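The chain contents come next:
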Amino acid sequence: MKLPRLLLGWALALCLVAGAARAAEQDPHTAPYLKTLERFDLKPTKESLGEYLRALHPTAESAAHIARLVKNLGSESFFEREAALAELQRMPSLASEVVQRAAKEGDPEVQWRARLVLSEAEGRQSEILYATLAVIRGKKIAGLADEVLRTVPLLRQRHHRKLAGEALAATVNAADLPRLREALGDSSPELRTAAAAALPALAADPADAELAKLLNDANAGVQLEAAKGRAPRGRAR
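Below, the structure is looked at part by part. (Residues numbered from 1 in each chain as written. Predicted model: local features only at pLDDT ≥ 70, side-chain atom pairs only at ≥ 80, totals over all residues. Heavy atoms only, no water.)

### Observations concerning helix 10 (residues 177-184)
- Restricting attention to buried positions, one finds in helix 10 the residues Leu 177, Arg 179, Leu 180, Ala 183 and Leu 184. The arc that holds the buried residues of helix 10, viewed along the axis, is 160°, so those residues lie on one side. Helix 10 presents Pro 178 and Glu 182 as exposed residues on the side facing more than 90 degrees away from its buried surface.
- Those residues of helix 10 that are buried lie in contact with helix 8 (145-151), helix 9 (158-171), helix 11 (189-198) and helix 12 (204-214). (Buried < 20%, exposed > 50% of the residue type's maximum accessible area, 1.4 Å probe, protein only. Helix = DSSP H or I, 4+ residues; strand = E, 2+ residues; numbered from the N terminus. Arc of directions from axis to C-beta. Contact = heavy atoms within 4.5 Å.)

Put into structure tokens, the structure is as follows:
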């Protein structure tokens, strides 16, 4: 009877160790951001977060849908007006150009409702986007390198761009090297900095070659990120 109990004890201990190891691989501060995503019906998966990030760059179809909702803000029907307002307010991402025009032109009530949508959307979108990047970083969700790179030009604050670089490093893999090289050749120093931050996550040889080139970048921030990336490999110069 003692042997089965002993085996059961060992099995339980191994499960606990494995669980602790998995937890250690993830950012312990991710939990609040998971709750933020849950509030907006987003899941911490490649599919859900990828769909959200792609929606930040609306297609013609989604832009047309938002335009119809904006038009309905001026409907003669109270229920249509309220339904359009509610749907716009629920959207985790919003093509604000369409709404911005409505906030400046036309019917005064439409302008008021459009301004209300914009004022709420700015804070909401910033909150969701930051949580999305934090969860990608913390849970190391792979396969979202292109989506993360495309968000960088949308980020106005430095700590948001820093988080984007960390999220990129967590999601990138060897197959993303061509995409990183493309970003490194972009005119935006913010985009180059984010790509440079992700390079050390790749295999040493191709990453080192790209980082060495960036030491001569025209932007000091990109140079600094390259030097930081090379330092752990003992090649800071």
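Once the structure has been displayed, the description carries forward.
### Here we look at the side chain of Arg 124
- With respect to the secondary-structure elements, Arg 124 resides in helix 7 (residues 108-139).
- Buried Arg 124, no salt bridge; nearest opposite-charge side chain is Glu 120, N-O distance 4.6 Å.
- Polar contacts involving the side chain of Arg 124 include one to the main-chain carbonyl oxygen of Gln 89, which spans 2.9 Å.
- Look past the residues within four positions of Arg 124 in its chain and what remains in contact with it is Phe 40, Leu 88, Gln 89 and Met 91. (Lys, Arg positive; Asp, Glu negative; His and termini not counted. Salt bridge = Lys/Arg side-chain N within 4 Å of Asp/Glu carboxyl O. Polar contact = N/O pair within 3.5 Å; in protein donor to acceptor, adjacent residues only side chain to side chain.)

### So, the packing of aromatic side chains
- The full count for this structure, using the stated rule, is 2 aromatic pairs.
- Each ring, one from Phe 78 and one from Phe 79, has its centre 5.7 Å from the other, and the planes form 75°; the classification is edge-to-face.
- By relative accessible area, which is 45% here, Phe 78 ends up partly exposed. (Phe/Tyr/Trp six-rings, centres within 6.5 Å; stacked < 30°, edge-to-face > 60°.)

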